[in-house]
Amino acid sequence: MSEKHQQAERELKGLPVSKGIAQGEAFVMLRRELDTPVYEIRDSDKPAEIERFQNAILKTRADIQQIKSELSETVGDAESGIFDAHLLVLEDVAIMQETLATFQKEHFNIEYCYSNVINKFIDAFEKIDDSFIRERICDLKDVSRRVIANMLGIETSKIGALSDPLILVSSDFAPSDFALVDKSKILAIVTEKGSQTSHTAILSRSLGIPCIVGVDGVADKISSGEFLLVDGYNGNVVVNPSRDTLCHFTEIESVHREIQKVFDTSLPYPSITSDGKEFKIELNISSAADIPEGAMSYCDGVGLLRTENFFLDSGSFPDEDAQFEVYKNAAVAACGKPITIRTLDLGGDKNLNLMKMVNKEENPFMGYRAIRFCLDHKDIFLTQLKAILRTSAFGKVKIMLPMINSIREVERSRVLIEQAKDELAAAGIAFDKNIQVGAMIEVPSAAITADIICDVCDFISIGTNDLIQYILAVDRVNDMVAYLYEPTHPAVIRTLDMVVSAAQRANIPVCVCGELAADPIFAPLLLGMGVSEFSMSPKAVNEIKFLLRKTKYETARALRNEILSLKRARHIVSRLRTFHYESMQPYLK
């Protein structure tokens, strides 16, 4: 064993966000803050300075597009689509206009003016307690560093070609940092900043790279070259592990690989509980390319097709034929199984140029977005609805309306759907006249009035990610309050049960397409509540399908009753973990 291994073993603790175990040498990525120069610019030099700024924006756009393209080949369109937020930050009208206005007024070099404007936006956003905003701060910092580097002529060098496989350690590993390293040479990622829902966590899970975030001062506590063992299951980082520790974790990883093989055994079989209750395991996707080869042989359809990524990639509002081709490809890839297409969910950090004026809202994420935007722009909405309706001639298509606030929004949407049907019928174009229409329940007002909304829906889908944080008023990526983000809070449990019960009384199916659907601790509880469809990323399918097939519905129902009687989140999570352990123990010995 090398001397590195013989040094004193020590352990650091963080939050595991991507499963797996890795061991290898550390490579500490120290982010050097760019020293933005400041100097005066003569009036005669201003046009050239503005052109330099515009060229930097164009180069940065090309850089981001290249990163997105490279990652898309590895993780698919859905996950690589997070870089659309970077493009939107880059081209934000408010930032561009204020930069140019500051430049004209103060006569300083353009990168100095741009840096000041970015810092102003960051300071303003840090005062807003909203997770979307918090993510956008990270995007602002990442994108602005790249723009300033391009203006200063600083090239970002890649490190992957210069090293053996390494464990990357950083105070803040940004999504674009994946472009600096050959992904095949990343053994694991350990960072100080980040959360379960951060972009780095999402990409790590998609790439199958173990990742731990929230390790306090990690870049100062670990040196490049030190040998690490990263436990992505429990959030442990062991520095200079002993032989015994390495052997122990090697055995653990071997066990986990065998467990995955056990989970895979459920894939060929129908989605039915051990006592005969049917359920559906479905996929969340952004395009046909996100459906793994052969997945429809063991999945029951597509529970969520996000349409906004196609709009963002287009940079404008694509016409009906262009949308139709994208949706049809996804429907065909679903191999005749149901596919739920969510209508345009633009707004917040997903704005097109036509919506840039909306960014002047103090908090656009809870303002003018999704169905609100669509109902105010009927021509855009009708174009999409006709494309979706045309797709229904090629598969079992359903329409889902996002961010529904009241029954009125569903009714207004249905009027436009009927109008779209009439226009297609008049043109002799085929479509499913009985296409199902449902609502996304993701805001408290919709959850509280779910019984009313269900009266005008053929199904409902619960977006648990947003619903939980809105119920608890917690920014889940804010380290100061992240501990309050508790899916097991009694308020969350009761709200979910209330929504599902309302759907059952209306005799319509309920799908959960948020992270809870893919959580093995939560899935049996959702089943017991009456959730019939679980939509998730492809990587989670085998475990959830195995778990639910081995669960008795009546047992899950009893679990639901017991959980509803508990008053504290810690008691709820403890009971759910115990139930999961007892359920899996006979099969995972």
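Here's what I pulled together on the structure shown here. (Residues numbered from 1 in each chain as written. Predicted model: local features only at pLDDT ≥ 70, side-chain atom pairs only at ≥ 80, totals over all residues. Heavy atoms only, no water.)

### Here we look at the overall build of the chain
Looking only at helices and strands, the chain features 23 helices and 16 strands. Here the chain holds 589 residues, and 56% of them are scored as buried. Approximately 25100 Å² of the chain is accessible, and the part contributed by carbon and sulfur atoms is 51%. (Helix = DSSP H or I, 4+ residues; strand = E, 2+ residues; numbered from the N terminus. Buried < 20%, exposed > 50% of the residue type's maximum accessible area, 1.4 Å probe, protein only. Areas by Shrake-Rupley, 256 points an atom, 1.4 Å probe, with all protein chains shown as cover.)

### Overview of the pattern of salt bridges
Throughout the structure, instances matching the rule amount to 24 salt bridges. Between arginine 257 and glutamate 253 there is a salt bridge; the shortest N-O distance is 3.9 Å. With arginine 257 and glutamate 253 both in helix α10 (residues 243-264) and four residues apart, this pair spans about one turn of that helix. Here the residues in one salt-bridge network are Glu320, Asp321, Lys386, Arg390 and Glu423, joined through shared partners. (Salt bridge = Lys/Arg side-chain N within 4 Å of Asp/Glu carboxyl O.)

### Observations concerning the sheet that holds strand β4 (residues 166-170)
In space, the eight strands of this open sheet follow the order β1-β8-β7-β3-β4-β5-β6-β2, with mixed pairing throughout. Looking at the sheet topology across the chains shown, the edges are occupied by β1 (10-13) and β2 (15-18). Going across the sheet, the axis of each strand differs from the next one's by a mean of 30°, ignoring polarity. When strand β5 (residues 186-191) meets strand β6 (residues 211-213), the two strands line up parallel, connected through two bridges. Bridge pairing links isoleucine 189 to cysteine 211 in β6. Sitting on the sheet, helix α8 (residues 199-207) is in contact with β2, β5 and β6, with an inclination near 55° to β2. (Pairing = 2+ DSSP bridges. Axes fitted to C-alpha atoms, helices over the stretch in contact; angles between N-to-C directions. Contact = heavy atoms within 4.5 Å.)

### Structural notes on the pairing of strand β14 (residues 459-462)
Successive residues of a regular strand alternate their side chains across the two faces of the sheet. Both faces of β14 are covered, namely the face carrying Phe459 and Ser461 and the face carrying Ile460 and Ile462. Pairing geometry for strand β13 (residues 436-441) and β14, over four bridges, is parallel. Pairing of methionine 440 across the sheet is with serine 461, part of β14.

### So, the packing of helix α22 (residues 553-565) against helix α23 (residues 569-584)
Interhelical geometry of α22 versus α23 gives an angle of 165° and a closest axis separation of 11 Å. Our classification of the angle between α22 and α23 gives roughly antiparallel. Regarding α22 and α23, the two cross each other, and that crossing is right-handed. Residues Thr555, Leu559, Glu562 and Ile563 of α22 form the contact with α23, whose participating residues are Ile572, Arg575, Leu576 and Phe579. When the residues that make up the contact of α22 with α23 are grouped by side-chain class, the tally is five nonpolar, one polar and two charged. (Parallel < 35°, antiparallel > 145°, perpendicular 65-115°, else oblique. Left-handed = near helix turned anticlockwise from the far one by under 90°. Nonpolar A, V, L, I, M, F, W, Y, C, P; charged D, E, K, R; others polar.)

### Describing α8
Since the α-helix turns once every 3.6 residues, residues separated by three or four places project in the same direction. Of all nine residues making up α8, seven are buried, and the element is well covered by its neighbours. Every buried residue of α8 is accounted for by His199, Thr200, Ala201, Leu203, Ser204, Ser206 and Leu207. In the stretch just after α8, glycine 208 is the one whose phi turns positive, near 75°.

### Some words on the sheet that holds strand β16 (residues 533-536)
Hydrogen bonding along the main chain pairs the strands of a sheet, whether they run parallel or antiparallel. Reading around the circumference, β9-β10-β11-β12-β13-β14-β15-β16 is the order of the eight strands in this closed barrel, with parallel pairing throughout. For this sheet, the mean angle separating the axes of adjacent strands, direction not counted, is 25°. Summarising the sheet, strand β11 (residues 339-342) and strand β12 (residues 397-401) pair through four bridges and their orientation is parallel. By the bridge assignment for β12, isoleucine 341 is matched with isoleucine 399. Sheet strands in contact with helix α12 (residues 320-333) are β9 (280-285), β10 (302-306), β11 and β12, and its direction is about 155° off that of β11. Along the sheet face, helix α19 (residues 490-505) touches β13, β14 and β15 (510-512) and points at about 170° away from the line of β14.

### Overview of the nonpolar core
With 101 residues, the main nonpolar core has Ile339, Ile460, Leu526 and Phe534 as its most contacted residues. Once you skip the residues sitting within four places of it in the chain, phenylalanine 534 turns out to touch Phe279, Lys280, Ile281, Glu282, Val512, Ala517, Ala523, Leu526, Leu527 and Leu548. Residues Ala56, Phe178, Ile189 and Cys211 belong to the second largest nonpolar core, which totals 43 residues. (Core = buried A, V, L, I, M, F, W, Y, C linked by side-chain atoms within 4.5 Å.)

### Notes on a positive patch on the surface
A cluster of basic residues, Arg494, Lys567, Arg568 and Arg570, forms a positive patch at the surface. Secondary-structure assignment places arginine 568 in the loop between α22 and α23. With a relative accessible area of 44%, arginine 568 lands in the partly exposed category. (Patch = residues over 30% accessible without salt bridge, like charges linked within 9 Å, V, L, I, M, F, W, Y side chains within 5 Å. Lys, Arg positive; Asp, Glu negative; His and termini not counted. Charge placed at Lys NZ, Arg CZ, Asp CG, Glu CD.)

### Focus on the packing of helix α14 (residues 378-391) against helix α15 (residues 407-426)
Relative to each other, α14 and α15 sit at 60°, their axes nearing to 9 Å. The angle between α14 and α15 places the two elements in the oblique class. Crossing angle aside, the handedness with which α14 passes α15 is right-handed. Touching Lys378, Phe381, Leu382, Leu385, Lys386, Leu389 and Arg390 of α14 are Arg412, Ser413, Leu416, Ile417, Gln419, Ala420, Lys421, Glu423 and Leu424, all from α15. Taken together, the residues of the contact of α14 with α15 sort by class into eight nonpolar, two polar and six charged.

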